[in-house]
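# Descriptive structure summary
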Amino acid sequence: MPRPRRILGVVARQMFLYRRSVSRLLDLFYWPTMDLLLWGFLTLYLERGALHLPRFVSFFLGALILWHILYRSQLAVSVSFLEDIWSRNLLNVLVAPITLTEYLLGLVVISLIKVGLAFGIMTTLSVLFYGFNLLKLGAVLFPLVVNLLALGWAIGFVTIGFIFRFGQEAEILAWALIFVFLPLSAVFYPVEVLPVWLKPFSLLTPSAHVFEGMREVITRGTLPWKHLLLAGLLNLVYLSLGLAFLKRQYQYARRMGLIPKIGE
Amino acid sequence: MEEVLRVRNLVKEFEGKRVLSGISFNLHRGEFLGIIGPNGAGKTTLLNCLLGLVTPSQGEIRFFGLDLATHRTEILARLNFASNYVGLPLSLTVMENLLVYGLLYGVRNIKSRAERLLKLLGLWEMHREKTRHLSSGQMMRLCLAKALINDPEILLLDEPTAGLDPEMAERVRRLIKEYQKERGLAVIFTSHNLYEMEDLSDRVILLHEGRILAEGPPEVLCRRFGAEDLEEVFFRALAEAEGA
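Within any chain, residue numbers begin from 1 and follow the written order of that chain's sequence. The order in which chains are written sets their letters, starting at A; the order in which ligands are written sets their numbers, starting at 1. Local features are withheld for residues below a pLDDT of 70 in this predicted model, meaning they are given only at 70 or higher, and side-chain atom pairs are given and counted only at 80 or more; totals for whole chains, interfaces and linings count all residues.

## Topic: the overall build of chain B
- Tallying secondary structure elements over chain B gives nine helices and ten strands in all.
- The globule rule is 2.2 Å times the number of residues to the power 0.38, and the radius of gyration it is compared with is taken over C-alpha atoms. For chain B, the C-alpha radius of gyration of 18 Å lies close to 18 Å, the compact-globule estimate for 244 residues.
- Projecting the C-alpha coordinates of chain B onto the three principal axes gives extents of approximately 55 × 40 × 35 Å.
- Within chain B, the proportion of its 244 residues that are buried is 48%.
- Contact definition: two residues whose C-beta atoms, as placed from backbone geometry, lie within 7 Å. For chain B, contacts bridging at least 24 residues in sequence account for 67% of all contacts bridging at least 6. The numbering of helices and of strands both runs from the N terminus, where a helix is a DSSP run of H or I of at least 4 residues and a strand a run of E of at least 2. Counting other C-beta atoms within 10 Å of each residue's C-beta, where C-beta atoms are placed from the backbone, gives the exposure class: buried for 20 or more, exposed for 12 or fewer, partly exposed between.

## Structural notes on the pairing of strand β4 (residues 58–63) of chain B
Residue and element names in this part refer to chain B.
- Strand pairing requires that DSSP identify at least two bridges connecting the strands. Pairing of strand β1 (residues 3–14) with β4 involves five bridges; the strand directions are antiparallel. Counted as the bridge partner of Leu5 is Phe63 from β4.
- Bridge analysis of β4 against strand β5 (residues 66–67) gives two bridges, and the strand direction is antiparallel. Bridge assignment links Phe63 to a residue of β5, and that residue is Leu66.
- In this structure, the hairpin formed by β4 and β5 is closed by a connection of two residues, where Phe64 is found at a positive phi of approximately 50°.

## Comments concerning helix α1 (residues 4–19) of chain A
- The span one expects for a helix is its residue count, reduced by one, times 1.5 Å. With 16 residues, α1 of chain A extends 22 Å between its outermost C-alpha atoms, agreeing within 8% with the 22 Å of an ideal straight helix rising 1.5 Å per residue.
- What α1 of chain A keeps buried is the set Arg6, Ile7, Gly9, Val10, Val11, Ala12, Arg13, Gln14 and Leu17 of chain A.

## So, the nonpolar core
- For the purposes of this analysis, a nonpolar core is taken to be any set of buried Ala, Val, Leu, Ile, Met, Phe, Trp, Tyr and Cys residues that are connected through C-beta atoms within 7 Å. Grouped together as the largest cluster of nonpolar side chains are 155 residues, with contacts concentrated most on Ala63, Leu66 and Leu148 of chain A together with Ala145, Ile149, Leu156 and Val187 of chain B.
- At 16 residues, the largest contribution of residues to this core is made by helix α3 (residues 56–86) of chain A.
- Here Ala63 of chain A is in contact with Val187, Phe188, Phe211 and Met214 of chain A, once residues within four sequence places are set aside.

## Quick look at the environment of Ile259 of chain A
- Among the structural elements, Ile259 of chain A can be located in the segment after α11 (225–256).
- Here Ile259 of chain A falls in the buried class, since 21 other C-beta atoms lie within 10 Å of it.
- On a C-alpha basis, the gap between Ile259 of chain A and Gly167 of chain A in space is 8.1 Å, while along the polypeptide they are 92 residues apart.
- When near neighbours in sequence (up to four residues on either side) are disregarded, Ile259 of chain A contacts Leu94, Ala253 and Arg254 of chain A together with Leu53 of chain B.

## Focus: the pairing of strand β7 (residues 154–158) of chain B
Residues and elements named next belong to chain B.
- Most of β7 is tucked away: five of the five residues are buried.
- Because side chains alternate across β7, one face comprises the buried residues Ile154, Leu156 and Asp158, and the other comprises Leu155 and Leu157, equally buried.
- In this sheet, β7 lies alongside strand β6 (residues 79–83) in parallel orientation, the contact comprising five bridges. Each residue of the ladder has a partner; that of Ala82, found in β7, is Leu157.

## With respect to the sheet that holds strand β2 (residues 17–28) of chain B
Residues and elements named next belong to chain B.
- The strand order across the open sheet built from four strands is β2-β1-β4-β5, with neighbouring strands paired in antiparallel fashion. The open sheet is flanked by β2 and β5, the only strands paired with a single partner.
- Looking at chain direction, β1 and β2 are connected through eight bridges and run antiparallel. Pairing of Glu13 across the sheet is with Arg18, part of β2.

## Notes on the interface of chain A and chain B
- On the side of chain B, 27 residues touch chain A, which itself brings 28 residues to the contact.
- The biggest single contributor to the side of chain A that touches chain B is α1 of chain A, with eight residues.
- Looking at side-chain class alone, the side of chain A that touches chain B contains 13 nonpolar, seven polar and eight charged residues. All amino acids are sorted into three groups, where Ala, Val, Leu, Ile, Met, Phe, Trp, Tyr, Cys and Pro are nonpolar, Asp, Glu, Lys and Arg are charged, and the leftover types, Gly among them, are polar.

## Re the confidence of the model for chain B
- pLDDT measures how confident the predictor is about each residue, on a scale from 0 to 100. Counting all residues, the mean pLDDT for chain B is 94, and 100% of those residues have values of 70 or more.
- Overall fold confidence for the complex sits at a pTM of 0.93, while the interface term, ipTM, reaches 0.92.

## Points about the sheet that holds strand β10 (residues 211–216) of chain B
Residue and element names in this part refer to chain B.
- The strand order β6-β7-β8-β3-β9-β10 describes an open sheet built from six strands, whose pairing is mixed. In this open sheet, the two strands that pair with only one neighbour each are β6 and β10. On average, each strand axis in the sheet is tilted by 15° relative to the strand beside it, whichever way the strands run.
- Of the pairings in the sheet, the one linking strand β9 (residues 203–208) to β10 comprises five bridges and is antiparallel in character. Paired with Leu207 across the bridge in β10 is Ile212.
- Of the strands in this sheet, β6 and β7 touch helix α5 (residues 136–148), which is tilted by about 170° from β6. To get an axis, fit a line to the C-alpha atoms, keeping to the stretch in contact for a helix; angles then go from 0 to 180 degrees between the N-to-C directions.

See below:
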C-alpha cells in the first residue's frame, strides 16, 4: 500500500522549490497566458473578420486549453523528476524508503496542482478576453480532462524510463516527445482531414478521441460516449505500457549500474 | 555483538567485466567499518549494491536478517546515506530539506528532530537560509543531518570528508564518531584518507580489483604487514597483490 507521508515528501519538495523560485512560477503562468492571448486574438479575427468561421473561437480555444492540460501534465511529471537530477539529489531520493510507485504518485499529485493552476488561468482569461467559458461544456469536461491527464502521465513515465536508460541526454524528450502526439491528436482540426493512411494511427491515440469528443459536444451538444469509452480504454493500455516501460528501464539501470551516473 | 549486515559471495559484472568478485563480510551493531582501496577497486559499486542502487549479479546481502532483494524499502527505512558527491536541492532552505527527507523516511515529529540535529551539527543558525548559501563544510554537515533524520541503525558514508579543509574534515570526523558512539550506530565509511580510516575504524576492508585483499582491525593489519600505519599496510598489500 502506498504511504501518504512519503508521497507528501515528494510533493513538499516541489512545493518548497516553487515557493522560492520566481522563474519557475513565471514559467507556470507565462506560457499558458501567452498562448491564450496570441491564439485567442487570431481565432477571434478569423471568426469575426476575414473568414467568418462560426464557433471557431470555441473550437480553437477549447482545444488550446485542453492541449495545455495534456502538455503540462506530462511536462510536470518529467520535469519534477529532472529537478532531482539537476540538483544532484536523485540518489538521496532513490535510497530513501520510498517505492517507485509512491514516487510516481507524488509526481502525479504535483502535475495535478500545476495543471490545475494553468487550467485556472487559461479558463479565466478566455472568459475575460473572448467570452468563451470551457466550463460550459458541463460534466462531460471531467472525463475529457481525466483522459488527457492520464495520457500526459503515461508519456511522462516513458520519458523518465528513457532518462533511466540513457541518462540526462534523454531529458530533451520531456519537451519533445509530446509533440509526436500533436498532429496525431487532431487537436485543432478533425481527424477526417488527415491522410487516409494516418487516420488509423490518429485513432489509436486517446487524445484524438478527446478532441473529437470536445468538438462533438460543442457542435451537437451530445455526449460523445463512443469517444470517451475509446479514450478511456486506450489510456488504460498507454498507462500500463508506460509504467511497464519505466519499471523495465529502472531495473535495467540498476542492473547496469547506470543510476549513480545519471546527471554526471 | 548483534550482526546487522551479512554479505556473502557478492559478485557484480558489467557487460562481462567483473568489478566485485566474491565479496563476503559482516557488520555488527556499533561497529565502524572502513573500506579502502585504490580508484576502481569497487568501493563505490559495493556501497551502491548495499543501497540497492545496483543489482548484484550473484550473492546475497542481508540487513537485520532480511534479504535486500526482497525487503528493500523496509531495510532502507533503517539505513541512511551521505556522500560528498550527492547534493541536496539548493533552492530549498536547510530546514525544508530536512522536512522533505523526514517525510520520505516516515519520521514522526520531524520539526523537533530536525531542530535537534541542526543544533547538534552547528547549523541551527542557518535553518532559514537557502542551501545554496552554505559553505562546503556546512553542506556536508547538512547531508549528515539528512543522513541522521531517521535515527538510522546503519549509516553508509561515501567519502564524507573529501574536498573539506583539514579543520572542517576533523570536525566532521568528530561529529560522526561521537554520534556513532552515543547511538551505537553501525557505520560503513569509504575514504582515500588513510589517516582518518585508522583513526575512526574498528575494522578495515582493503579492496583491490573487486576483491578483498585484507580485512581486520587497523592494528592487526599493521602487525600482519609489519607496517607502521595503515598507509604502509595499503602500499604493502597492493605490492604483494601485484607481485602475486
